[in-house]
Amino acid sequence: MIAQTIQLALAPVFVLVAIGNILNILSTRLGRIVDRARHLQVRHGVTEGAEHDMVVREIRFADQRIKLIGSAIRLLVISGLAIGMTVAILFLEEIVKTQLERVAAGFFIVAIGLLMWALTLFLRETQIAAAALRIPRDYLDH
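Residues numbered from 1 in each chain as written. Predicted model: local features only at pLDDT ≥ 70, side-chain atom pairs only at ≥ 80, totals over all residues. Heavy atoms only, no water.

**Q** What's the story with the pattern of salt bridges in this structure? I'm lost.
**A** Close approach of charged atoms allows side chains with opposite charge to pair. This model, assessed by the stated rule, comprises 7 salt bridges. The salt bridge involving Glu58 is made with Arg36; its shortest N-O contact spans 2.7 Å. Of this pair, Glu58 sits in helix α2 (residues 49-96) while Arg36 sits in helix α1 (residues 2-44), and the two are 22 residues apart along the sequence. Residue classification places Glu58 among the partly exposed positions, given a relative accessible area of 24%. Since its relative accessible area comes to 33%, Arg36 is described here as partly exposed. (Salt bridge = Lys/Arg side-chain N within 4 Å of Asp/Glu carboxyl O. Helix = DSSP H or I, 4+ residues; strand = E, 2+ residues; numbered from the N terminus. Buried < 20%, exposed > 50% of the residue type's maximum accessible area, 1.4 Å probe, protein only.)

**Q** Looking at this model, I keep getting lost on the side chain of Arg65. Mind explaining?
**A** Along the chain, Arg65 turns up in helix α2. By relative accessible area, which is 18% here, Arg65 ends up buried. With near-sequence residues (within four places) excluded, Arg65 lies in contact with Arg29, Ile33, Glu125, Ile128 and Ala129. (Contact = heavy atoms within 4.5 Å.)

**Q** Sorry if this is basic, but what is going on with the packing of α1 against helix α3 (residues 101-132) here?
**A** Angle between the axes and distance between the axes: these two values describe a pair of packed helices. Contact geometry of α1 with α3 gives a least axis separation of 12 Å together with a crossing angle of 25 degrees. When the interaxial angle is binned, α1 and α3 end up roughly parallel. For the crossing formed where α1 meets α3, the hand is left-handed. Two secondary-structure elements touch here, α1 through Pro12, Val15, Ile19, Ile22, Ile25, Leu26, Arg29 and Ile33 and α3 through Phe108, Ile112, Leu115, Leu119, Phe122, Glu125, Thr126 and Ala129. In terms of residue class, the contact of α1 with α3 is built from 13 nonpolar, 1 polar and 2 charged. (Axes fitted to C-alpha atoms, helices over the stretch in contact; angles between N-to-C directions. Parallel < 35°, antiparallel > 145°, perpendicular 65-115°, else oblique. Left-handed = near helix turned anticlockwise from the far one by under 90°. Nonpolar A, V, L, I, M, F, W, Y, C, P; charged D, E, K, R; others polar.)

**Q** Please explain the environment of Arg60 as it appears in this structure.
**A** Checked against the element boundaries, Arg60 lands in helix α2. Sequence separation of Arg60 and Ala132 is 72 residues, and the distance between their C-alpha atoms is 9.4 Å.

**Q** It is not clear to me how the nonpolar core should be interpreted in this structure. Could you clarify?
**A** Soluble globular proteins: nonpolar side chains tend toward being buried together. Counting 22 residues, the largest nonpolar core has Ile19, Leu26, Leu76 and Leu115 as the members making the most contacts within it. Contributing elements (two or more residues each) for this core: α1, α2 and α3. Sorting elements by how many residues they give to this core places α2 first, with 9 residues. Dropping the residues within four chain positions of it, Leu76 is found in contact with Ile19, Ile22, Leu23, Leu26, Leu115 and Ala118. (Core = buried A, V, L, I, M, F, W, Y, C linked by side-chain atoms within 4.5 Å.)

**Q** For this particular structure, what's the right way to read unusual backbone geometry?
**A** Peptide bonds are trans in most cases, and residues, glycine excluded, mostly fall at negative phi. Although it is not a glycine, Lys97 adopts a positive phi angle of roughly 60 degrees. With respect to the helices, strands and loops of the structure, Lys97 is situated in the loop between α2 and α3. When its relative accessible area of 62% is taken as the criterion, Lys97 is described as exposed.

**Q** Sorry, what's going on with α1 here?
**A** Two residues of an α-helix separated by three or four positions point the same way, owing to the 3.6 residues in each turn. Between its terminal C-alpha atoms α1 stretches 61 Å, which fits the 63 Å expected from 43 residues at 1.5 Å a residue. For α1, the full list of buried residues reads Thr5, Ala9, Pro12, Val15, Ile19, Ile22, Leu26, Ile33, Ala37 and Leu40. (Expected span 1.5 Å × (residues − 1).)

**Q** Please clarify how α3 should be interpreted in this entry.
**A** Spanning 32 residues, α3 covers 46 Å between terminal C-alpha atoms, matching the ideal 46 Å at 1.5 Å per step. Taken together, the buried positions of α3 are occupied by Ala104, Ala111, Leu114, Leu115, Ala118, Leu121, Glu125, Ile128, Ala129 and Ala131. If you follow the buried residues of α3, they end up packed against α1 and α2.

Have a look at this one:
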């Protein structure tokens, strides 16, 4: 029966791998945003007028993006922990010979819900990034 439990645990483990990959993407994006925010903070002190307004606008976008990615990372980590609990419960069920399928299913459902929430925050972050990259009309006029 332990072989069957290992097979049953494979699906949550694949989700855990996906979560790890998404965490890698988000941490890379976070690092790039932090670097950009530091650069903008330097520019903040030396710019004036319209250029200063653009720097302030971009700093605000960077702040929003940092908060969203931070929240998404937190959700993904908690999701990963719930996946780990799912796998642990599946093995505990086999070892102790008790009925814990509903508990394992509950943890898995929570994990998937957190994953979807994190992906929604990631989508919002990419929308803000795209809005920050829009070229102002002044630059497009001939």
